[in-house]
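Structural features, examined
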Amino acid sequence: MTLLDVAYGRRPADTIIANGTLVNVLTGEVYPAEIGIFQDRIAAVGPALQRGPQTRVIDAAGGYLVPGLIDGHLHIECSKLSVTSFADLVVPLGTTSVVSGLDQVLVVEGLPGVRKFLDESKKTGMRIWWGAPAKAPYTVPQSNVGFTFGPDEHREAHTWPECVGVWETVQEMVEHGDPAVMRALELAEKHRLPVFGCAPLSDARRIAGLAAAGIRLDHESYSHGEMLEKLRQGIYAIVRESSVAHFLQENIQVVSKVGARRVAFCTDDVHAADVLAGGHMDKLVRMAVKAGVDPVTAIQMATVNCAEMYRIDDKVGSIAPGRFADVLIVDSLEDFRVRDVVAAGELVARDGRLITPTVPPARGQVTKFPVKEVTADDFALRSEQAAVDVLAIGFTEQVFVRKRRDITLPVLNGVVEPSVDKDALLVTVVERYGKTGNMPVAVVSGMGIREGAIATSAAPDDNNIICVGASRADMALAVNTVAEMGGGQVIVVDGEVRESLPLPIAGIVSDLPAAEMAVAEQRLDDLARELGCTLPSPLMYLFFLSITAIPDYAVTDLGLVDCVNLEVVEVIQ
């Protein structure tokens, strides 16, 4: 029996989803229909399909039949959940496909690590469509990582069946003609693969350059005006609503102006607790409807629109013959709550729970990082003056944007001291791969902690160890603890590890169930707040400190980085 036999009505379907109302995202119509499935594919959609004695029937019980939802841009690893744990979290909520660069495991373990994550996803109800990063790491100047990714790696990656394009093409790399990125774009054109942008806070001039370079889509608009300009210049737009970057209310205004045909949704980075509390892509559909978007249009944005812009609409995004049999059953299009989830032809979740929990693959033995044991002296910023003016990285109210703050700090015995009163703490990035041993020291303002130290090895874009502290001794203990446990997050106060979260898979993720991860994250954030941190998400703001694509300042294992001029600058002025 073949798919075509079922499609032509020559043989009965393996599975039929009956007694439902189809939401046809291809035409915008809503009407009664049955779905005939052969193995993992949809074979036919019609009013009355052929049944056989072995045909399984899934009764939709009058519910609406909706395509599986697609997250259009997601860093899975930033959830700190393994692929299996993340899938177990989002599949019951209706997310059956995600587009991800797997860029964090890439810089730790290279293409073999990406391959492991892709293979792992095949045993879950969540399909990963992989974007090969334009270049890794994304940091400029390039920080030290376990593995880099450039044109040679693109040549192999573009042959992988999961590869759907070139991911996270940072606008500065295009504007300044980074040779490796330019070669990646040439290879993408040769292999007929689309290119995905990363262009926050862009103006019309820069957007024109990105469009001319062949950037097909972008997920980084800080205003609906910026998003509209991208649409006007031929770039598809993805509305982002993450755990910490809340842009849906702002950018959904584009739909009322020009419609939603070239607009989709993504979450980018999410916390387990937020998904458990509010949902995933299903939440974005509800938010759009509440903002005035027609329910069918909102569903199109979460399905077929996304599939079309990534050129995977022949595989997912709609309920039509030949597509993967990823089908949701919901009772209301306005109050979009997923009742049943069919993934690849199998009923995998009902009423928010997996029918059969997924078993993660066996993991190798956890080994500590090849980092020397550090002491407080390793984090001494030295000067012979009595006081110094320093350039501090200052957090602002705008999501993750960091501006310059000039602060005068005292020098005691030749060492620049942090100042809790001035909200000036020390920050270091310790190279974790055993390549250089770099551990530069800079100053950060806006974390707000009054004592102790916080450290993490889950730290895009290079996943070195970032540590912020009011005490150099506590910073040393925090870094040593992260290295000893082979990756994770810790908070140290007065020489005591008060909270810790091991992340033993590549030092960045864990097989913890989402509910347990949420509890662990809450403990860490609560303690950070007890220490004085007022940021919305203390640990996530910490681990984004090394992203040089976010203006105006960052810190990597190379030192303090001016993200506008793309250069390492001196801390002491």
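Residues numbered from 1 in each chain as written. Predicted model: local features only at pLDDT ≥ 70, side-chain atom pairs only at ≥ 80, totals over all residues. Heavy atoms only, no water.

Once that is clear, we can look at the overall build of the protein. Summing up its helical and strand segments, the protein has 17 helices and 30 strands in all. For the protein, buried positions account for 64% of its 573 residues. Long-range pairs, those at least 24 residues apart, make up 68% of the contacts in the protein between residues at least 6 apart in sequence. Put simply, the protein has 51 plus and 75 minus side-chain charges, and the middle of one group is 5 Å from the middle of the other. (Helix = DSSP H or I, 4+ residues; strand = E, 2+ residues; numbered from the N terminus. Buried < 20%, exposed > 50% of the residue type's maximum accessible area, 1.4 Å probe, protein only. Contact = heavy atoms within 4.5 Å. Lys, Arg positive; Asp, Glu negative; His and termini not counted. Charge placed at Lys NZ, Arg CZ, Asp CG, Glu CD.)

Before going further, it helps to examine the sheet that holds strand β27 (residues 496–502). Here 10 strands make up an open sheet; going across it, the order is β18-β21-β20-β19-β23-β22-β25-β24-β26-β27 and the pairing mixed. The sheet is open, and its two borders are formed by β18 (381–382) and β27, each paired with just one other strand. Two elements, strand β22 (residues 425–430) and strand β25 (residues 465–469), share five bridges in a ladder whose sense is antiparallel. Following the sheet pairing, T428 is matched in β25 by C467. Contacts from helix α16 (residues 514–530) reach β24 (453–456), β26 (488–493) and β27, with the element oriented near 145° to β27. (Pairing = 2+ DSSP bridges. Axes fitted to C-alpha atoms, helices over the stretch in contact; angles between N-to-C directions.)

Time to look at the environment of T428. Along the chain, T428 turns up in strand β22. Separated by 40 residues in sequence, T428 and V388 place their C-alpha atoms 19 Å apart. Those residues in contact with T428 that lie beyond four places of it in its chain are F379, M439, P440, I465, I466, C467 and M475. A distance of 2.8 Å separates a polar side-chain atom of T428 from the backbone oxygen of P440. (Polar contact = N/O pair within 3.5 Å; in protein donor to acceptor, adjacent residues only side chain to side chain.)

As a further point, take the UniProt feature "domain: Amidohydrolase-related" (unreviewed entry) in the protein. Those places that UniProt annotates as "domain: Amidohydrolase-related" (unreviewed entry) correspond, in this numbering, to residues 64–348. Measuring from the first to the last C-alpha atom of residues 64–348 gives 17 Å, for a span that is 38% helix and 20% strand. (UniProt positions renumbered as here; feature names shortened; annotations may be inferred.)

Let us look at the sheet that holds strand β30 (residues 567–568). Strand order in the open sheet formed by three strands is β28-β29-β30, and the pairing between neighbours is antiparallel. This sheet does not close on itself; its edge strands, each paired only once, are β28 (553–556) and β30.

A word on empty space enclosed by the protein. Counted according to the given criterion, the structure contains six cavities of 30 Å³ or more. The calculated volume of the largest cavity comes to roughly 280 Å³. Residue lining of the largest cavity: 24 residues in total, with H75, E220, D268, I547 and I550 positioned closest to the centre. The residue makeup of the lining of the largest cavity, split by class, is 14 nonpolar, four polar and six charged. No fewer than three residues from each of domain 1 (68–317) and domain 2 (387–568) sit in the lining of the largest cavity. (1 Å grid on protein atoms, 1.4 Å probe; cavity = no way out; pocket = protein on both sides within 12 Å on 5 of 7 lines; lining within 4 Å. Points joined across faces, edges and corners; volume = space filled by probe spheres on them. Nonpolar A, V, L, I, M, F, W, Y, C, P; charged D, E, K, R; others polar. Domains from an automatic or database assignment.)

Before going further, it helps to spend a moment on the pairing of strand β14 (residues 327–330). Alternating positions in β14 separate into two faces, V327 and I329 on one and L328 and V330 on the other, with burial throughout. Here four bridges tie strand β5 (residues 64–67) to β14, and the two strands are oriented antiparallel to one another. Across the sheet, residue Y64 finds its bridge partner in β14, namely V330. Judged from the four bridges that link them, β14 and strand β15 (residues 338–343) form a sheet pairing that is antiparallel. Residue pairing in the sheet places I329 in a bridge with D340 of β15.

M126, W130, F265, M447 and L545 are the most contacted members of the largest nonpolar core, which has 190 residues in total. For this core, the leading source of residues is helix α3 (residues 103–121), giving eight residues. Summarising the domain contributions, this core has at least three residues from each of domain 1 (68–317) and domain 2 (387–568). The next biggest cluster of nonpolar side chains, apart from the first, holds 14 residues, and it includes I17, I42, L65 and A325. (Core = buried A, V, L, I, M, F, W, Y, C linked by side-chain atoms within 4.5 Å.)

Reports of interface size often rely on the accessible area that becomes lost once the parts have come together. The domain boundaries assigned to the protein delineate domain 1 (68–317) and domain 2 (387–568). The C-alpha-based centres of domain 1 and domain 2 are spaced at 26 Å. With 37 residues of domain 1 at the interface, the matching set in domain 2 holds 48 residues. In this assembly, domain 1 packs against domain 2 so that about 3400 Å² is buried in total across both faces, 65% of it on carbon and sulfur atoms. On the domain 1 side of the interface with domain 2, the three residues burying the most area are K80, N144 and V244, jointly 22% of the side's total. The interface formed by domain 1 and domain 2 contains one salt bridge. As a salt-bridge pair, K80 and E521 come within 2.8 Å of each other at their nearest N and O atoms. (Buried area = accessible area lost by both parts, 1.4 Å probe. Salt bridge = Lys/Arg side-chain N within 4 Å of Asp/Glu carboxyl O.)

Time to look at the packing of aromatic side chains. Counted under the stated rule, the structure contains five aromatic pairs. With 5.2 Å between their ring centres and 35° between their planes, W130 and W160 make a pair best called tilted. Of this pair, W130 sits in strand β8 (residues 127–133) while W160 sits in the loop between α4 (151–157) and β9 (163–170); the two residues are 30 residues apart in sequence, bridging distant segments of the chain. Look at F543 and F544: their rings are 5.0 Å apart centre to centre, the planes differ by 70°, and that puts the pair in the edge-to-face class. Of the residues examined, F543 reaches a relative accessible area of 1% and is grouped as buried. Look at F544 and you get buried, because its relative accessible area is 4%. One residue, R41, lies across the ring of F324, its end atom 4.0 Å from the ring centre. (Phe/Tyr/Trp six-rings, centres within 6.5 Å; stacked < 30°, edge-to-face > 60°. Lys NZ or Arg CZ within 6 Å of the ring centre and 35° of its normal.)

In strand β10 (residues 195–198), alternate side chains face the same way, and those of V195 and G197 on one face and F196 and C198 on the other are all buried. By the bridge criterion, three bridges tie β9 to β10 in an arrangement that is parallel. When the sheet's bridge partners are listed, T169 is paired in β10 with G197. Pairing analysis gives three bridges linking β10 to strand β11 (residues 215–218), with the strands arranged parallel. The residue bridging F196 from the neighbouring strand is L217, located in β11. Once you follow β10 into helix α7 (residues 204–212) and on to β11, the crossover reads as right-handed. (Right-handed = clockwise from strand over helix to strand, strands pointing away.)

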